[in-house]
Amino acid sequence: MSNVIIDRAGNKRYLVNITVNGDSYEKIVKGNSLLVNFLRDELDLTGTKRGCELGDCGSCTVLMGGKPINSCLMLAVEADGLEFTTIEGVASTNEIDPIQDMFIEYGAMQCGYCTPGMVLSAKALLTKNPKPTELEVRTAISGNLCRCTGYVNIVKAILAASGQEIPAE
Amino acid sequence: MYLPDFEYFVPESIAETCQLLSQFGSKAKVLSGGTDIIIKMKNGLLAPEALISLKNFEQLRKIEYVPGKGVVIGARVTHNEIVFSELLQEKYLSVSNAAQQMATNQVRHKGTVGGNISNAVPSADLPPILIALNATVTVVGTKGERSLALADVFTGPNTTCLAQDEIITEVIIPDQEMNCSTYIKYGLRKSGALAVVGVAVALNVENNIIKDARVVLGAVAATPMRTKKTEDFLKGKEISEELLAEAGTIAAGESKPISDIRASAEYRRDMVRVFTKRALRKAIDEGRHI
Amino acid sequence: MSKEYAVIGKGKRRYDGREKVTGAAKYCGDLKFPNMLYGKMLGSPYAHAKILSIDTSEAEKIPGVKAVITAKDVPSLTYGISPARWDENCLCIEKALFVGDKVAAVACVDEETCYKALAAIKIEYEVLKPVLDYRTADAEDMPQLHEKYARNINTEIHQEFGDVEKAFKEAYYVRTDTFAGQRAYQCPIEPHSAICIWKDNKLTVYSSTQSVHYFQHYIAREFGLPMGDVRVIAPYVGGGFGGKLEPTGLEFNGSVLSRITGRPVKMFYDRQEMFQHNRGRHQGTYIITTGVDKDGKILGCHCDFRTDGGAYTSLGIASAYYAGALLPLTYEFDNYKFDNYRMYTNLPACGAHRGHGAPQPKYAFESHMDNIAKELGIDPLDFRLKNARRPNTVTPNAFIINSCGMKDCLEKAAELSQWRDKKKNGLPKGRGIGLGTGSFVTGAGYPIYRTDLPHASCMIRVHEDGTSATLYSGSVDIGQGSNTVLLQMAAEAMGYRYENMKMVSSDTETCPLDFGAYASRQTLMSGSAVKQAGEDIKRQILDMASNMLGLPPEDLDCVLGKIFSKSRPKVEPLTFEEVARRFFVLRGPVIAKGVYTPPRLGGTYKGAPVGTSPAYSFCVQAAEVQIDEETGQIGVVQAWDVHDVGQVINPVTLHGQVHGALFMGLGETLMEEVKFDDKGKLLNGNLGGYLMLTALDMPPVKNALVDTYEPAGPWGAKEVGEGATNPTIGCFRNAIFDAMGVSVNTVPLTPEKVWRALKEKNEKSEAK
């Protein structure tokens, strides 16, 4: 890798160029920096959360080229040259995305900590599959753990955002 | 949690990759999707001095049919790429379905088949179905390229026969006589769970006779395991409920499960019986290769 | 009964909805301050060990390490959330009592340095034999964890009401059953964190907490500071479920580190440390004996329990009392005996976990009921209807029940689940239907520490031009939606609009005292204070409007911001804005306050306060399951929940709470279990090994409500947040019992356990 510097302790640091929410950032990072911490600490984008740091809960979900991944399992150096969307990039203006609107309408968030990850998983799903079945919705969010809602209203909100009827209870 | 310090390399060629691996020896690890290795490093199980990233190798990201060879899956293909591959869904739906049952959606978008094989966890979901379909892997090192049966790659829990300087470049599912297959994963929840028992089945069925069979178990031995006695029992026999049930019992006897926090050995053994029977049924009824 | 209101009873969009869906909501771990350090604590690697020496010199040499502290650097005053058992230290002094018990702390320039510093601290331990099994913790050869508590008995309870022995003698059938439950953990998705800023003699603590008041009280006490010099702020909180109600080593040690370094210090737990800190569900063994008459009427009941409290008390005394106190709520009987031993063990401490001490005992009780019903040949539904509590009754342990929709909930659940048809016609093989009842307090009758302070207070201030109004309340929204619900209540009481309300909450400096989010208290208690304040605002507005209109105030009313004459519809209404503005010009700010103290409740026996409440919710859950007979897997075809919550304030947040509580109850029923090895070390302190339901595992749920009015609650409202965990485990065990005729007597009801029970049943019938 080019753009390597040696710091005072003799460790290598790397200049990376990472695009987040359409903005390009050039920062110097340690090899062992994780993308989730880069986003939260370097870029102050704290919407991406740390819940477990081992890829089990999905609260660190970001979109890498439109695909949901766990940013806690990705190195910042691996992100060099790639494009990401975080929750802050879902609504690019003052208008919120229909998914976000439906989340509020259907009470799909309670404590809100899993919500950024959920919204991104939903966004990735509906971008690829605009009219998913309920099973497809549940599969899309199966890597996002929620402790508050039992997923009931989250599934309803995503189906509503896709313009489909919500199955009667 | 934090990761130990390491040097990060992004080689431009596979040859350079093998060279770096050879140079660092056991102190280097390959970084593919990272979903296994980063976890191990956070848990203090691994502290490599060098991580060699395969990030540049787009050529390892393809899934294509090569006449004479079969379906070739590049080592850097992600699990979700396997799930959504039209080619695989058509030719070997069982492989797509197996990948779908792995981990979580997010991990499937990042984790790769090469990484999954190299990690060699006994409960991994892809190896059993790939072995049942007689898959081979192409491995490249400083001394050149070689091909081996996937079944021969695993030598123990979390260990493979790959040399220090070798990486997997592709997995090949050869054209074959087997005309139906399936994989059933039994986990304690429907997502984000390791297999308690995994059963992969590939059969050559003609006129209700099982002409050939491969039954591969996951999570019930140190590595994915073939069940020779079960396979021999099935060969040449006419399909019936009793036959499949008996096959299940034989497979249970061949399995070598342990007790751990997920299940007892006794339960696992009985689940081998149940799910072998069910996998055979499912392969026959629903698992036709097109 | 159900009345149409202008603001309450409506599914208003959440006050914090936009912040949460856009990622703008800042939780404690998201906050940064200039010059901030990061801090962490070192946990003992042993479950039970004497601390012989600590050498921090190597750690102090690491670049970026700004402070390293041990017991000698922190207050030695023992603390605990339960005053009767102050048994914890900021940092362990002589002994570590569980793997992860806090022995040292560091403050460093970044997280990575913290981990490295902790690893460089050298501690010499003398490893002692650990007590790992609560069932034998009091045996002769077991070491004693705490000097003051012989035989490791943390809490011992013996209560008797009426005459149980006599009841058993007169009974047609007496039966004893034993059940056991597992350790579970709240697992809020947001890990605990705290940022402590000690400047001069003022301490500010940001914390992911359920109660800014209790934190303020206990932190002030620990450091000998007047409460006015301690400010506690809860930013957005990512779930608590009872585990974030007490200050932890993060707050205490973070404060010391901030004082020493003169910088803000952000302390945090990672996920494994969350499991070690715990304060989750007590596991226990529950022996229940009940005597019934020949029609199935319960005559008397004896509950003999033993529970695992872990290394410290936490809220465990209350948990130990709740385990038995709530059992006589759903069914009427006069004779009740309750014994419980809460044991100390060298495992993470257990505390208040949603449902607080009651879910496992209720599982035992509901399962026991079904066993009795089966023996007598009575349908489980009819058995419960026969014994169901009625409104305006008193329990044998002196809890006063006003509203009670128990019978209605049972009938409604039966209707929704088509219970009677299914029982009459039978269900296909392997399928079964079961139910369970539940009840819970709506706020605890007494505070956690002995005080005469009101439980809730608040202020409302109308903006100078009346275009908005702000509610100041020390309550905490931990996700349950209290901000939204309280703002709706304020607007309703004021005659104003929800959409123009603002909230200032969870900050001891800007908000009046409120005990916070626990025991499902805020809707009723904080809400009662809010109603009072809102009504006072309305009174002031109507008084001013009366001057402006030349009409008596009794003739006026205010609804949704319009003030009108009740008797003269032709009079042009005034707007809230113009009246408020006029008021401000003439008389100054439009301000009102509200306060709430529950009435003095409960009997005079030992432990009587625990379980008292101004009101109780009631509910029924039913479930239809399909058992895979070969694997033991429990497929949930459908789950139903019917609740008696009195007046609904916000149906969306209400049903959301039911969904979430049912989800947690189902998790504990089917798959959640914290496991340890034989040295007391966690085996599954992560979210891949500790299994909670994913979106693919959650079954279809149908909720309904019955109509009641609770006189003790604002507009007749009661709780919902915790009661829905009460019936769940028993409901599913009963459904399995119905499907397969096997009883799984330990929780979680895993497939392997069902498989084993079926295997034993088949072996028994084959042997015949």
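Residues numbered from 1 in each chain as written. Chains lettered and ligands numbered in written order. Predicted model: local features only at pLDDT ≥ 70, side-chain atom pairs only at ≥ 80, totals over all residues.

Undergrad: Help me understand the overall build of chain B in this model?
TA: Across its full length, chain B holds 12 helices and 15 strands. For 290 residues, the compact-globule formula gives about 19 Å, and the C-alpha radius of gyration of chain B, at 19 Å, lands near that figure. Expressed along its principal axes, the backbone C-alpha trace of chain B runs to roughly 60 × 45 × 30 Å. For chain B, buried positions account for 56% of its 290 residues. For chain B, contacts bridging at least 24 residues in sequence account for 64% of all contacts bridging at least 6. (Helix = DSSP H or I, 4+ residues; strand = E, 2+ residues; numbered from the N terminus. Rg over C-alpha atoms; globule rule 2.2 N^0.38 Å. Buried ≥ 20, exposed ≤ 12 C-beta atoms within 10 Å, placed from the backbone. Contact = placed C-beta atoms within 7 Å.)

Undergrad: Hey, could you run me through the packing of helix H2 (residues 98–105) of chain A against helix H5 (residues 152–161) of chain A in this one?
TA: For any two helices packed against each other, the geometry is given by the interaxial angle and the distance between the axes. All names here are of chain A. Where H2 meets H5, the closest approach of the two axes is 8 Å, and the angle between their N-to-C directions is 135 degrees. As judged from the angle between their axes, H2 and H5 are oblique. Taken as a pair, H2 and H5 cross one another with a handedness that is right-handed. Contacts between H2 and H5 involve Pro 98, Ile 99, Met 102, Phe 103 and Glu 105 from the first element and Ala 157, Ile 158, Ala 160 and Ala 161 from the second. Taken together, the residues of the contact of H2 with H5 sort by class into 8 nonpolar, no polar and 1 charged. (Axes fitted to C-alpha atoms, helices over the stretch in contact; angles between N-to-C directions. Parallel < 35°, antiparallel > 145°, perpendicular 65-115°, else oblique. Left-handed = near helix turned anticlockwise from the far one by under 90°. Nonpolar A, V, L, I, M, F, W, Y, C, P; charged D, E, K, R; others polar.)

Undergrad: Help me understand the sheet that holds strand E22 (residues 556–559) of chain C in this model?
TA: All names here are of chain C. With antiparallel pairing, the 3 strands of this open sheet are ordered in space as E22-E23-E24. Edge positions in the sheet fall to E22 and strand E24 (574–575), since each of these pairs with one other strand and no more. Relative to strand E23 (residues 562–565), E22 runs antiparallel, the two sharing 4 bridges. Bridged to Asp 557 within E23 is Phe 564. Across the sheet, helix H14 (residues 522–549) touches E22, E23 and E24, and the angle it forms with E22 is around 125 degrees. (Pairing = 2+ DSSP bridges.)

Undergrad: Explain the interface of chain B and chain C here, please?
TA: With 13 residues of chain B in contact, the opposing surface of chain C contributes 19 residues. Looking at the side of chain B that touches chain C, its residues break down into 8 nonpolar, 3 polar and 2 charged.

Undergrad: Sorry if this is basic, but what is going on with unusual backbone geometry here?
TA: Most peptide bonds take the trans form, and the phi angle of most residues other than glycine is negative. All names here are of chain C. Backbone torsion omega between Val 747 and Pro 748 reads 0 degrees, so that peptide bond is classified as cis. Its location among the elements puts Pro 748 in the loop between helix H17 (728–740) and helix H18 (751–767). Although it is not a glycine, Ala 398 adopts a positive phi angle of roughly 70 degrees. Along the chain, Ala 398 falls in the loop between strand E16 (393–394) and strand E17 (400–401).

Undergrad: Whenever I open this one, the pairing of strand E4 (residues 61–64) of chain A confuses me. Can you help?
TA: Side-chain positions along a regular strand alternate between the two faces of the sheet. Residues and elements named next belong to chain A. Residues Thr 61 and Leu 63 of E4 are buried on one face, and the alternating residues Val 62 and Met 64, pointing to the opposite face, are buried as well. Bridge analysis of E4 against strand E5 (residues 67–70) gives 4 bridges, and the strand direction is antiparallel. Among the inter-strand pairings, Val 62 is bridged to a residue of E5, identified as Ile 69. Joining the antiparallel neighbours E4 and E5 is a turn of 2 residues, in which Gly 65 adopts a positive phi near 55 degrees. Taken together, the 2 bridges between E4 and strand E6 (residues 83–85) define a ladder with antiparallel strand orientation. The partner of Leu 63 across the bridge, within E6, is Thr 85.

Undergrad: What should I look at first to understand the domain arrangement of chain C in this one?
TA: Where interface size is given, it is often the accessible area lost as the parts come together that is meant. All names here are of chain C. According to the domain assignment, chain C contains domain 1 (17–24 + 455–596), domain 2 (31–128 + 189–239 + 244–277) and domain 3 (283–446 + 603–767). The distance between the C-alpha centroids of domain 1 and domain 3 comes to 38 Å. Across the boundary between the two partners, domain 1 contributes 16 residues, which contact 20 residues of domain 3. Those elements that place two or more of their residues in the side of domain 1 that touches domain 3 are helix H13 (482–494) and H14. Counting residues per element, the side of domain 1 that touches domain 3 draws most heavily on H14, which supplies 6 residues. (Domains from an automatic or database assignment.)

Undergrad: Where do I start with the interface of chain C and chain A in this structure?
TA: Contact with chain C, which involves 45 residues of that partner, is made by 42 residues of chain A. Secondary structure elements with two or more residues in the side of chain C that touches chain A: helix H1 (17–21), helix H16 (651–670) and strand E28 (701–705) of chain C. Broken down by class, the residue content of the side of chain C that touches chain A amounts to 18 nonpolar, 16 polar and 11 charged.

Undergrad: Please clarify how the pairing of E23 of chain C should be interpreted in this entry.
TA: Residue and element names in this part refer to chain C. In textbook terms, the turn of a hairpin is the stretch between consecutive antiparallel strands, and for E22 and E23 this stretch comprises 2 residues, one of which, Leu 560, has a positive phi near 50 degrees. The sheet contact formed by E23 and E24 spans 2 bridges and is antiparallel. Paired with Lys 562 across the two strands is Thr 575, which belongs to E24.

Undergrad: Just to check I follow, could you spell out the confidence of the model for chain C for this structure?
TA: Detail in the predicted coordinates should be disregarded across regions flagged by low pLDDT. In the predicted model, chain C carries a mean pLDDT of 97, and 100% of its residues have values of at least 70. Across the interfaces of the predicted complex, the ipTM metric reaches 0.97, alongside a pTM of 0.97. (pLDDT = per-residue confidence, 0-100.)

Undergrad: What is the right way to look at the nonpolar core in this model?
TA: One broad rule of soluble globular proteins: the nonpolar side chains tend to lie buried together. Residues and elements named next belong to chain C. Counting residues in each nonpolar core, the largest one holds 398 residues, and the members touching the most others are Val 106, Ala 490, Ile 541 and Ile 736. Looking at this core, the element that brings in the most residues is H14, giving 11 residues. If we skip the residues at most four places from it in the chain, Val 106 touches Gly 39, Lys 40, Ala 59, Val 65, Ala 67, Val 68, Cys 114, Ala 117 and Leu 118. (Core = buried A, V, L, I, M, F, W, Y, C linked by C-beta atoms within 7 Å.)

Undergrad: What's the story with helix H1 (residues 35–42) of chain A in this structure? I'm lost.
TA: Structurally, the α-helix is built with 3.6 residues per turn, so residues lying three or four positions apart point the same way. All names here are of chain A. In terms of burial, H1 is largely enclosed, as 6 of its 8 residues are buried. Those residues of H1 that are buried are in contact with strand E2 (12–20) and strand E3 (23–30). At the exit of H1 stands Asp 44, carrying a positive phi of roughly 60 degrees.

Undergrad: I would appreciate a short explanation of the packing of helix H9 (residues 359–376) of chain C against helix H10 (residues 380–387) of chain C in the present structure.
TA: Residue and element names in this part refer to chain C. Running from N to C, H9 and H10 point in directions that differ by 110 degrees, and their axes come no closer than 9 Å. As summarised for this structure, H9 and H10 are arranged roughly perpendicular, according to the angle between their axes. Along the contact surface, H9 presents Met 369, Asp 370 and Ala 373, while H10 presents Pro 380, Phe 383 and Arg 384. Its residues placed into classes, the contact of H9 with H10 shows 4 nonpolar, no polar and 2 charged.

Undergrad: Please explain the domain arrangement of chain B as it appears in this structure.
TA: All names here are of chain B. According to the domain assignment, chain B contains domain 1 (7–53), domain 2 (60–173) and domain 3 (180–286). Contacts between the two partners involve 21 residues from domain 2 and, on the opposite side, 22 residues from domain 3. At the level of elements, helix H5 (93–100), helix H8 (126–132) and strand E8 (154–156) are the ones that each hand at least two residues to the side of domain 2 that touches domain 3. Considering every element that reaches the side of domain 2 that touches domain 3, the biggest residue donor is H8, with 5 residues. A per-class count over the side of domain 2 that touches domain 3 returns 14 nonpolar, 6 polar and 1 charged.

Undergrad: Would you take a moment to explain H10 of chain C for this structure?
TA: Residue and element names in this part refer to chain C. Within H10 the residues assigned to the buried category are Pro 380, Leu 381, Phe 383 and Arg 384. What you see down the axis of H10 is that its buried residues fit within an arc of 160 degrees, all on one side. Contact partners of the buried residues in H10: H9, helix H11 (406–417), helix H12 (419–425), strand E18 (431–441) and H17. (Arc of directions from axis to C-beta.)

Undergrad: I tried to follow the environment of Ser 505 of chain C on my own but got confused; where do I start?
TA: Residue and element names in this part refer to chain C. Counting through the fold element by element, Ser 505 comes out in strand E21 (residues 501–505). A residue is classified by how many C-beta atoms lie within 10 Å of it, and Ser 505, with 24 of them, is buried. C-alpha of Ser 505 to C-alpha of Gly 474: the two residues are 31 residues apart in sequence and 5.2 Å apart in space. Dropping the residues within four chain positions of it, Ser 505 is found in contact with Ser 473, Gly 474, Ser 475, Val 476, Asp 477, Asn 483 and Cys 511.

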